[in-house]
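Here is what each chain is made of, one letter per residue.
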Amino acid sequence: MEKEKVGSYEFMAEPFHCDFDGRLFMGHLGNHMLNAADFHSTERGFGMKYLMSIKRAWVLSRLAIEMNEIPEQYTRFRVETWVENAMRYFTSRNFRIIDNSPMANGQSSMVNGQSPKVYGYGRSIWAMIDTESRQPTDIFSIDNGAINNWIVADKPCPIDKGGRVRMSDEAQLVHTIDTYYNDVDINGHINSVKYIEHVLDLWPLDWYRDHQIHRFEIAYVAEAHGGDRLSFYRQQTADNEYCIRITRSDGTECCRSKITFYQQL
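Every value quoted in this text rests on a predicted model; they were computed, and no experiment measured them. (Residues numbered from 1 in each chain as written. Predicted model: local features only at pLDDT ≥ 70, side-chain atom pairs only at ≥ 80, totals over all residues. Heavy atoms only, no water.)

Q: For this particular structure, what's the right way to read the environment of L60?
A: Structurally, L60 can be placed in strand β2 (residues 56-67). Considering only alpha carbons, one finds L60 and I125, 65 residues apart in sequence, at a separation of 6.3 Å. (Helix = DSSP H or I, 4+ residues; strand = E, 2+ residues; numbered from the N terminus.)

Structural data, given as structure tokens:
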């Protein structure tokens with residue numbers, strides 16, 4: 001059977017991946033989304049396993065996750081993912097997180113005449129790099145541009161693409177951490193999801209008793225490596241909206257993040 005352009009993968013909110021409120025940690029949700037991206041690309045011939053064999057790798061450049069509701073423990077859900085666009089050095093990939101249903105990949109997403117519950121959506125931008133030079137490389141050089149065969153430009157992803165996270169020099173240094181073995185991923189730099197976890201740790205436990213994450217954005221600027229010390233600068237930019245700048249040991253900015261919360265009633 002020919003592969004569908006949209007991939008759909010089942011996950012579960014395992015209890016030890018959930019917070020004190022019984023809801024999936026945002027970091028683990030992000031990890032499931034990135035796994036879905038890898039499953040989708042691998043099944044279609046441009047995944048990490050193949051790329052590593054030719055000294056290439058996907059590197060996440062931007063990620064935005066916007067949730068209406070975060071799955072509770074033991075909830076089975078699916079992550080749908082598809083390539084929205086591809087350019088020479090960057091490609092955009094979208095996500096939809098939905099309640100699990102009897103559907104299989106390639107079947108209708110309608111269940112008993114009704115669409116499945118949608119938890120939220122995600123948008124991401126990826127670059128392909130040469131693993132030796134660490135420089136961007138031509139995506140279309142892989143299998144004569146075969147990624148173009150998988151583009152789905154008309155599937156809705158009704159969340160903001162996001163943009164540059166703007167901060168002033170008034171941002172305050174609020175936390176500094178060292179990085180270790182568990183922070184480093186297969187590309188040899190600090191894992192994309194680890195940044196999410198470290199950013200969300202900037203608020204105390206009591207904050208999360210009254211607030212839930214609505215939208216999380218992160219833009220990666222430069223690599224950091226195991227042993228680097230990361231410094232976190234925070235600035236409130238609106239009601240329940242905060243921007244974060246992260247720098248590594250030598251002062252280079254690694255990434256910026258923006259988080260929007262809503263207060264729980």
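Q: Sorry if this is basic, but what is going on with the pattern of salt bridges here?
A: Side chains that differ in sign of charge can pair as their charged atoms come close. Summed over the entire model, instances satisfying the criterion amount to 18 salt bridges. Ionic pairing is found between E10 and R76, a salt bridge with its closest N-O pair at 3.3 Å. Taken together, the residues E10 in strand β1 (residues 7-12) and R76 in strand β3 (residues 76-86) connect sequence positions 66 residues apart. Judged by relative accessible area, E10 falls into the partly exposed class, the value being 40%. (Salt bridge = Lys/Arg side-chain N within 4 Å of Asp/Glu carboxyl O. Buried < 20%, exposed > 50% of the residue type's maximum accessible area, 1.4 Å probe, protein only.)

Q: I'm lost on the pairing of strand β10 (residues 253-263) in this one. Help?
A: Within a regular strand, side chains alternate between the sheet's two faces. By the bridge criterion, nine bridges tie strand β7 (residues 211-220) to β10 in an arrangement that is antiparallel. Bridge assignment links Q212 to a residue of β10, and that residue is Y262. Turn length for the strand β9 (residues 241-247)-β10 hairpin, with the two strands adjacent in sequence and antiparallel, is five residues, and the turn residue G251 shows positive phi of about 90 degrees. (Pairing = 2+ DSSP bridges.)

Q: Looking at this structure, how should I read a nonpolar patch on the surface?
A: Taken together, the side chains of M87, Y89 and F90 present a nonpolar region at the surface, about 270 Å² in accessible area. By secondary structure assignment, the location of M87 is in the loop between β3 and β4 (90-99). Residue M87 is classed as partly exposed on the basis of its relative accessible area of 46%. (Patch = residues over 30% accessible without salt bridge, like charges linked within 9 Å, V, L, I, M, F, W, Y side chains within 5 Å. Areas by Shrake-Rupley, 256 points an atom, 1.4 Å probe, with all protein chains shown as cover.)

Q: I keep staring at the environment of K55 and nothing clicks. Help me out?
A: With respect to the helices, strands and loops of the structure, K55 is situated in the loop between α2 (48-53) and β2. The class of K55 is partly exposed, set by a relative accessible area of 41%. With 61 residues separating them in the primary sequence, K55 and P116 have C-alpha atoms 40 Å apart. Residues in contact with K55, not counting those within four places in the same chain, are I129, D130, T131 and E132. (Contact = heavy atoms within 4.5 Å.)

Q: Just to check I follow, could you spell out the packing of aromatic side chains for this structure?
A: The geometry of an aromatic ring pair comes down to the distance between the two centres and the angle between the two planes. All chains considered together, the criterion is met by 11 aromatic pairs. Relative to F261, the ring of W207 has its centre 5.4 Å away and its plane inclined at 80 degrees; by these criteria the two rings are edge-to-face. Of this pair, W207 sits in helix α4 (residues 205-210) while F261 is found in strand β10, placing the two residues 54 residues apart along the sequence. Residue classification places W207 among the buried residues on the basis of a relative accessible area of 19%. A network of ring pairs unites the aromatic residues W203, W207, Y208, Y242 and F261 as a single cluster. (Phe/Tyr/Trp six-rings, centres within 6.5 Å; stacked < 30°, edge-to-face > 60°.)

Q: I tried to follow unusual backbone geometry on my own but got confused; where do I start?
A: Most peptide bonds are trans, and most residues other than glycine sit at a negative phi. In this model, R134 sits at a positive phi of 65 degrees, which is unusual for a non-glycine residue. Topologically, R134 is positioned in the loop between β5 (118-130) and β6 (172-178). The phi torsion at N144 lies on the positive side, around 55 degrees, for a residue other than glycine. Relative to the helices and strands, N144 is located in the loop between β5 and β6. On the accessibility criterion, N144 (76% relative accessible area) is exposed.

Q: Would you mind going over the side chain of R256 with me for this structure?
A: Looking at the element boundaries, R256 is found in strand β10. Engagement of the side chain of R256 in a polar contact is seen with the side chain of E253, the distance being 2.8 Å. Other than its neighbours up to four places away in sequence, R256 contacts V165, R166, M167, E217, I218, A219, I244 and R245. (Polar contact = N/O pair within 3.5 Å; in protein donor to acceptor, adjacent residues only side chain to side chain.)

Q: Explain the nonpolar core to me, please; I cannot follow it from the model alone.
A: For soluble globular proteins, the rule of thumb is that nonpolar side chains tend to be buried together. Among the nonpolar cores identified, the biggest contains 60 residues, and M26, L29, W58, F77, Y195 and W203 are the most heavily contacted of them. Residue contributions to this core peak at seven residues, all from β2. With six residues, the next largest nonpolar core counts V6, Y121, C157 and I159 among its residues. (Core = buried A, V, L, I, M, F, W, Y, C linked by side-chain atoms within 4.5 Å.)

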